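Read off the chains here:
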Amino acid sequence: MSGVMKRMGMIFRAKANKALDRAEDPRETLDYSYQKQLELLQKVRRGVADVATSRKRLELQLNQLQSQSGKLEDQGRKALALGREDLAREALSRRAALQQQVTDLETQHATLQGEEEKLTLAAQRLQAKVDAFRTKKETIKATYTAAQAQTRIGEAFSGISEEMGDVGLAIQRAEDKTAQLQARAGAIDELLASGALDDQSGMHKDDIQAELDRLSGGTDVELELQRMKAELAGGPSAGQQAIEGGDEQSRAQQPQDTPRFDKQ
Amino acid sequence: MIVRVMGEGQVALAESHLAELNKLDEELLTEMETGDGPGFRRTLTALLSRVHELGEPLPDEALEPSDLILPAPDATIEEVRELLSEDGLIPGP
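Residues numbered from 1 in each chain as written. Chains lettered and ligands numbered in written order. Predicted model: local features only at pLDDT ≥ 70, side-chain atom pairs only at ≥ 80, totals over all residues. Heavy atoms only, no water.

Here we come to the overall build of chain A. Looking only at helices and strands, one finds five helices and zero strands in chain A. Counting from the amino terminus, helix and strand elements in chain A follow one another as α-α-α-α-α. Relative to its 264 residues, chain A shows a buried fraction of 20%. Look at the contacts in chain A between residues 6 or more apart in sequence, and 82% of them connect residues 24 or more apart. Carbon and sulfur atoms form 55% of the exposed surface of chain A, whose accessible area is close to 19,600 Å². (Helix = DSSP H or I, 4+ residues; strand = E, 2+ residues; numbered from the N terminus. Buried < 20%, exposed > 50% of the residue type's maximum accessible area, 1.4 Å probe, protein only. Contact = heavy atoms within 4.5 Å. Areas by Shrake-Rupley, 256 points an atom, 1.4 Å probe, with all protein chains shown as cover.)

Laid out in structure tokens, this is it:
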């Protein structure tokens, strides 16, 4: 029995490898077949070479016999010229025997030549077939390798695709975390605003500025109080006059102020 | 040897560690089959942390066929059982 790891691995592999039988690699079979064809081609070529050698030997023998036959013909002619008809007869009968051998050899030579031509043609055809097979074999191997790589990639991805369910979960987690961070940021802003947390960024006011603001705020309050008091004292129309008067006063004060600066 | 932890990615592991991991893995299978939930959680956590300790994480862009596959750390016993019984593809024990 195998553990969870192996069984899960097996399931993924089974899914990815349906198309491929891992037990037998067709590439090896193809290479073996090619090797066999090469051997056969080699045998045929050796056969062609053997036949060609035999043919050459026959040709040498034929040349020898023909020169011998020529010699006997000459001897016969000379014997006749010398009046030795018996000698001439002997020479010619030997030549006839030789001629018979020559004819036999010529037949053999023709047969061998025909065989050699046939074998040469067969070797050429076989060579072409083996070449074609080699090309096809390489194509099949390349296709197989590509298919295998594709399956492996498919396998790697099928493992990943099984995890796609997890991606939704991961997004959920990321969203939760973002919301949590946002909530935390909001809380920090509130705490900073209330003064419970010191701000290290320098964006918020320091205590001196806060005191100054408080003071200036106080001044505003004092000013407002004075204005309201003046309003109440002079009534609504008086208040209106007071504002206008104030304007007149500030305009009137301007020339007075200037000499004061000069004195200083 | 490449081990995939679902939801995490792949880890390269020396074969010498396999015997140790296999023991935990067998335990995990037994707990899954007997329905021992707490035991399953404990063993899965132990197995995954051992894989992390012993293994070298593979970069995310690496595309290697996994030799072994482990469930995600938060996978429940039911989820793993479902994964293993899928399509009837598992060869018999």
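This brings us to the sheet that holds strand β1 (residues 2-5) of chain B. Residues and elements named next belong to chain B. Read across the open sheet, the four strands follow the order β3-β2-β1-β4; overall the sheet is mixed. Looking along the sheet, the strands with just one partner apiece sit at the ends: β3 (56-57) and β4 (68-70). Two elements, β1 and strand β2 (residues 9-12), share four bridges in a ladder whose sense is antiparallel. The residue bridging Val5 from the neighbouring strand is Gly9, located in β2. (Pairing = 2+ DSSP bridges.)

Time to look at the pattern of salt bridges. Counted by the stated rule, this structure contains twelve salt bridges over all chains. Among the ionic pairs, Arg7(A) bridges to Glu33(B), the shortest N-O distance being 3.4 Å. Of this pair, Arg7(A) sits in helix α1 (residues 4-16) while Glu33(B) sits in helix α1 (residues 18-34), which puts the two residues in different chains. In the salt-bridge network here, residues are joined through shared partners; they are Glu73(A), Asp74(A), Arg77(A) and Arg95(A). (Salt bridge = Lys/Arg side-chain N within 4 Å of Asp/Glu carboxyl O.)

This part covers the confidence of the model for chain B. Low-pLDDT stretches of the model should not have their predicted coordinates read in fine detail. Residues and elements named next belong to chain B. Predicted confidence across chain B gives a mean pLDDT of 82, with 85% of residues reaching 70 or more. Mean pLDDT across the secondary structure elements of chain B bottoms out at helix α3 (residues 77-84), with 81, and peaks at helix α2 (residues 37-54), with 92. With pLDDT under 50 throughout, residues 88-93 is counted as low confidence; its partners more than four residues away or in other chains account for ten contacts. Model confidence for the complex: the whole-complex pTM is 0.36, and ipTM, which rates the interface, is 0.78. (pLDDT = per-residue confidence, 0-100.)

On to α2(B). Residues and elements named next belong to chain B. With 18 residues, α2 extends 26 Å between its outermost C-alpha atoms, agreeing within 8% with the 26 Å of an ideal straight helix rising 1.5 Å per residue. Within α2, burial applies to Gly39, Phe40, Thr43, Leu44, Leu47, Leu48 and Val51. Burial along α2 is one-sided: seen end-on, the buried residues are contained in an arc of 150 degrees. Turned more than 90 degrees away from the buried face of α2, the exposed residues are Pro38, Arg42 and Glu53. (Expected span 1.5 Å × (residues − 1). Arc of directions from axis to C-beta.)

We now examine the side chain of Asp25(B). As for its position among the elements, Asp25(B) is in helix α1. No salt bridge forms around the buried Asp25(B); measuring N to O, its nearest opposite-charge neighbour Lys6(A) is 5.9 Å away. A distance of 3.0 Å separates a polar side-chain atom of Asp25(B) from the backbone nitrogen of Val4(A). A distance of 3.1 Å separates a polar atom in the side chain of Asp25(B) from the backbone nitrogen of Met5(A). (Lys, Arg positive; Asp, Glu negative; His and termini not counted. Polar contact = N/O pair within 3.5 Å; in protein donor to acceptor, adjacent residues only side chain to side chain.)

Once that is clear, we can look at the pairing of β2(B). Residues and elements named next belong to chain B. The hairpin formed by β1 and β2 contains three residues between the paired strands, and Gly7 there has a positive phi angle of roughly 85 degrees. Relative to β3, β2 runs antiparallel, the two sharing two bridges. Its bridge partner being in β3, Ala12 is matched across the sheet by Glu56.

Take the packing of aromatic side chains next. All names here are of chain A. Under the definition given, this model contains one aromatic pair over all chains. Both rings, one in Tyr34 and one in Phe133, keep their centres 6.3 Å apart while their planes meet at 20 degrees; by these two values the pair is stacked. Of this pair, Tyr34 sits in helix α2 (residues 26-81) while Phe133 is found in helix α3 (residues 85-161), placing the two residues 99 residues apart along the sequence. Across the pair, exposure class does not vary: Tyr34 and Phe133 are buried alike. (Phe/Tyr/Trp six-rings, centres within 6.5 Å; stacked < 30°, edge-to-face > 60°.)

Now for the packing of α1(B) against α3(B). All names here are of chain B. Following both chains from N to C, one finds α1 and α3 inclined at 100 degrees, their axes separated by 10 Å at the closest point. Of the possible angle classes, the one that applies to α1 and α3 is roughly perpendicular. Counted together, Leu29, Glu31 and Met32 of α1 and Ile77, Val80, Arg81 and Leu84 of α3 form the full contact between these two elements. The class makeup of the residues in the contact of α1 with α3 is five nonpolar, no polar and two charged. (Axes fitted to C-alpha atoms, helices over the stretch in contact; angles between N-to-C directions. Parallel < 35°, antiparallel > 145°, perpendicular 65-115°, else oblique. Nonpolar A, V, L, I, M, F, W, Y, C, P; charged D, E, K, R; others polar.)

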